[in-house]
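Below are the chains, spelled out letter by letter.
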Amino acid sequence: MTLELAMTLGLLALAIVMFMIDRPRMDGVALIVICVLPLTGIISIDEALAGFADPNVVLIAVLFVLGDGLVRTGVASAIGDWIALTAGHSQMRLIALLMASVCLLGSTMSSTAVTAIFVPVVLRVCQRTGNSPGKLMMPLSMAALISGMMTLVATAPNLVIHAELIKRGHPGFGFFSFTPVGVPILIVAILYMNFARKWLPNGISGDNTRKSRRATLAQWVDLYQLVDREYRLRVGFGSSLTGKSLESLNLRQSLGASLVAIQRGPKLIQPRKETKLEQGDILLVDFFGEKPEIKTVIERFDLEPLPLTGAHFTDRSQEIGMVEAFVTADSEFVGKTMTDIGFRSRFGMSMIGLRRGLRPLTSSLRNEKLRVGDTLLLIGPWKAIRLLQDRGGSDLVPLNVPAEYDHAVPARGKMAHALFCLGFVVVAMVSGLLPNVQAALIGCLLMGSFRCITFESAYRAIDWKTIVLIVGMLPFSLALERTGGIDLLSNGLIQATSGLGTSGVLTALFLVTAIVSLFVSNTATAVLMGPVAMSIAEHFHESPGRYAMIIALAASASFSTPVSTPVNTLVVTPGGYRFGDFVRIGMPFTAIVMIVSVILVGSVIPF
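Since this is a predicted model, take the numbers as computed values, not measurements.

Visitor: Could you clarify how one ought to interpret the overall build of the protein in this entry?
Guide: Check the secondary structure of the protein and you find 28 helices and 10 strands. Split into buried and exposed, the 607 residues of the protein put 55% on the buried side. Only carbon and sulfur atoms are counted for the fraction: they give 61% of the accessible area of the protein, which is about 25900 Å². Taking the 50 positively charged and 42 negatively charged side chains of the protein as two groups, their mean positions are separated by 6 Å.

Visitor: Sorry, what's going on with the sheet that holds strand β1 (residues 230-235) here?
Guide: What holds strands together in a sheet is hydrogen bonding between their backbones, with the strands either parallel or antiparallel. Sheet architecture is open: five strands sit in the order β3-β2-β4-β1-β5, paired in antiparallel fashion. Edge positions in the open sheet fall to β3 (267-269) and β5 (303-306), since each of these has one partner strand only. Strand-to-strand twist across the sheet, computed as the mean angle between neighbouring axes with direction ignored, equals 30 degrees. Pairing of β1 with strand β4 (residues 282-287) involves five bridges; the strand directions are antiparallel.

Visitor: Which parts of the structure should I look at to understand a nonpolar patch on the surface?
Guide: Taken together, the side chains of Val17, Met20 and Ile21 make up a nonpolar region of the molecular surface, amounting to roughly 290 Å² of accessible area. Inspection of the secondary structure assignment puts Ile21 in helix α1 (residues 3-21).

Visitor: Please clarify how the pattern of salt bridges should be interpreted in this entry.
Guide: A pair can form between side chains of opposite charge whenever their charged atoms are brought close. As enumerated under the stated definition, the model contains 15 salt bridges in all. In this structure, Arg25 engages Asp27 in a salt bridge whose closest nitrogen and oxygen atoms are separated by 2.7 Å. For Arg346, the salt bridge is made with Glu332, and the minimal N-O distance between the two is 3.2 Å. Highlighted residues: Arg346 in helix α17 (residues 343-347) and Glu332 in the loop between β6 (320-327) and α16 (338-341), separated in sequence by 14 residues.

Visitor: What's the story with the packing of aromatic side chains in this structure? I'm lost.
Guide: The relative placement of two aromatic rings is captured by the distance of their centres and the angle of their planes. One pass over the full model with this rule turns up 12 aromatic pairs. Between Tyr231 and Phe287, the aromatic rings sit 6.4 Å apart at their centres with planes inclined by 85 degrees, giving edge-to-face as the arrangement. Here the residue Tyr231 occupies a position in strand β1, and Phe287 occupies one in strand β4, the gap between them amounting to 56 residues. Assigned by exposure class, Tyr231 and Phe287 land together as buried. Seen from their ring centres, Tyr577 and Phe582 are 5.6 Å apart, and the 80 degrees between their planes marks the pair as edge-to-face. The two residues Tyr577 and Phe582 agree in class, both being buried. A network of ring pairs unites the aromatic residues Tyr192, Phe559 and Phe589 as a single cluster. Taking the ring centre of Trp199 as reference, the NZ or CZ of Lys198 above it sits at 5.4 Å. The ring of Tyr405 is capped by Arg386, whose NZ or CZ atom sits 5.5 Å from the centre of that ring.

Visitor: Please explain the packing of helix α4 (residues 55-72) against helix α22 (residues 464-483) as it appears in this structure.
Guide: Each packed pair of helices is defined by two parameters, the angle between the axes and the distance between the axes. The interhelical angle for the contact between α4 and α22, taken along N-to-C directions, is 165 degrees, at an axis separation of 10 Å. On the basis of their axis angle, the class for α4 and α22 is roughly antiparallel. In this structure, α4 meets α22 at a crossing whose hand is right-handed. Within the contact between the two elements, α4 uses Val57, Ile60, Ala61 and Phe64 and α22 uses Thr466, Ile467, Ile470, Val471 and Leu474. Partitioned by chemical class, the residues of the contact of α4 with α22 number eight nonpolar, one polar and no charged.

Visitor: Where do I start with the sheet that holds strand β8 (residues 359-361) in this structure?
Guide: Reading across from one edge, β8-β7-β9-β6-β10 is the order of the five strands in this open sheet, with antiparallel pairing throughout. Where the open sheet ends on each side, the last strands, each with one partner, are β8 and β10 (396-400). The mean inter-strand angle of the sheet, taken between neighbouring strand axes irrespective of direction, is 35 degrees. Pairing of strand β7 (residues 350-356) with strand β9 (residues 375-381) involves five bridges; the strand directions are antiparallel. Directly across from Arg355, in β9, lies its bridge partner Thr375.

Visitor: Looking at this model, I keep getting lost on the nonpolar core. Mind explaining?
Guide: Counting residues in hydrophobic clusters, the biggest one holds 144 residues, and the most contacted among them are Phe118, Met142, Ile146 and Leu509. Counting residues in hydrophobic clusters, the runner-up holds 25 residues, among them Met338, Phe343, Leu354 and Trp382.

Visitor: Sorry, what's going on with the packing of helix α9 (residues 156-167) against helix α26 (residues 545-556) here?
Guide: Where α9 contacts α26, the two axes come as close as 9 Å, and the packing angle between them is 160 degrees. Taken as axis vectors, α9 and α26 run roughly antiparallel relative to one another. Crossing handedness for the pair α9 and α26: right-handed. Contact residues: Pro157, Asn158, Ile161 and Leu165 in α9; Ala548, Ile551, Ala552 and Ala555 in α26. Partitioning the contact of α9 with α26 into residue classes produces seven nonpolar, one polar and no charged.

About the thresholds
- Residues numbered from 1 in each chain as written.
- Predicted model: local features only at pLDDT ≥ 70, side-chain atom pairs only at ≥ 80, totals over all residues.
- Heavy atoms only, no water.
- Helix = DSSP H or I, 4+ residues; strand = E, 2+ residues; numbered from the N terminus.
- Buried < 20%, exposed > 50% of the residue type's maximum accessible area, 1.4 Å probe, protein only.
- Areas by Shrake-Rupley, 256 points an atom, 1.4 Å probe, with all protein chains shown as cover.
- Lys, Arg positive; Asp, Glu negative; His and termini not counted.
- Charge placed at Lys NZ, Arg CZ, Asp CG, Glu CD.
- Pairing = 2+ DSSP bridges.
- Axes fitted to C-alpha atoms, helices over the stretch in contact; angles between N-to-C directions.
- Patch = residues over 30% accessible without salt bridge, like charges linked within 9 Å, V, L, I, M, F, W, Y side chains within 5 Å.
- Salt bridge = Lys/Arg side-chain N within 4 Å of Asp/Glu carboxyl O.
- Phe/Tyr/Trp six-rings, centres within 6.5 Å; stacked < 30°, edge-to-face > 60°.
- Lys NZ or Arg CZ within 6 Å of the ring centre and 35° of its normal.
- Parallel < 35°, antiparallel > 145°, perpendicular 65-115°, else oblique.
- Left-handed = near helix turned anticlockwise from the far one by under 90°.
- Contact = heavy atoms within 4.5 Å.
- Nonpolar A, V, L, I, M, F, W, Y, C, P; charged D, E, K, R; others polar.
- Core = buried A, V, L, I, M, F, W, Y, C linked by side-chain atoms within 4.5 Å.

Honestly, that's just the spatial picture; any functional story needs more than this.
So this is what it looks like as structure tokens:
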């Protein structure tokens, strides 16, 4: 062993130790590698930084943005709602639909991102169906990891291995090259989890889940005693309200009612003083007057009462939200009534609740003068709530937003546009009309032009820690290649598997990669093991495609510990899992995935 190889392996071992103890964090370790490795003289600083110009690194960053577009436009939440509706109370059906949906969405976006999206979805489904989060969170993380085995762009290791093939002059993978392996593994995973769910813990109870999270809209409805104040009223034929503006009607003062929103066809319109009512409009009304008065109002204006589907319009939580706000000591609102202030014209929201200390006020709300320290409950569009949070003010300080705030879709109504952009990217990649990174960049520009995303959301969506980690680990493969480390490992594997044939070599590669990925991120593992696979393929004078694919598949098979990938880490707390739960469920499944992968890659799929 040369001195250069010893230094490279020593630095690699040090990086692995830092990864294992998580000190410093992973991207910090990558930056240390970028700074220290050129000091050995094996590579230059330009070569250490070359990853920032790698098209595949740029592609990974762009895929985060495309995934954010799917979240902001409601594609992800629509899938979650469909799962809950279709599965009903069957846990087996729920696991199957959940895992299939996660794989479908995760095949075009980051597995970490898709897990983060589905954690609150699963919690919401558990509250609705009575299932324990512990029974569903591990199937979620498992499906998210398997989604990386579905398409070329589903996870960073696939792109890293693809780039290694291209760099060595071999044909890269196609967009759907992984699909013939990923789909059978998904089917096996669904069957396995429906069998293994009996060994999954019950996790945390629904009550504890609710206590650990922010208050929900439904809880605020109870706290502020808003039940039975909401009405859905249709403007009937010949109604005297038709054609009149809200400013002229002054519903709050004249009727003791606050107009929350107007449903016109499929759209929900936020009321403004210049808005004119039309026949057939459905008015979402918060009526804080006396009960008998509402019947008089309905008869007087020829309004048709409609059934309610959610307590105080909580069924429209994607469009309508609430926020608690605090009246400060210097506020100009002190001593004024809600009518005097004109919340809608100032904030685009209406005040529907008032809490003084621990006691909510329920009567004469429109005539109640505000005091210092009053907590107000405002209702309106999420956009107005975000504006209030951003600007704050000396008069009214936002205190709390409900749990639904995290699931609200900022670009609602743009779902079709986001799907079109995603379809364009997939078609351009599959057809080969454009390079992958160029197709993805154009897709992002299209999403921006359709206002599915913004520049601010795009920059926030990119997981810069992952990007820096990839760039920081790329120099190791070059350093190991120059110092003979790749040849040393590949020769050792060749000798160990001598006489075992292709299947034996593939099994050994899968095992080594899976073991390394327990201590190092799957992306870094792919960076390190990719050149080894290429070297072994060249030794046997075979096409490197199958050897490269087995590395990518094994890098995604991080099922055995909760710390091997952020995907598993994200579900530990909401699922109530311990380290041993992942070992007990994940290790047998890793062995199953290895067998399926070796059979399919080694003899079934042509290369």
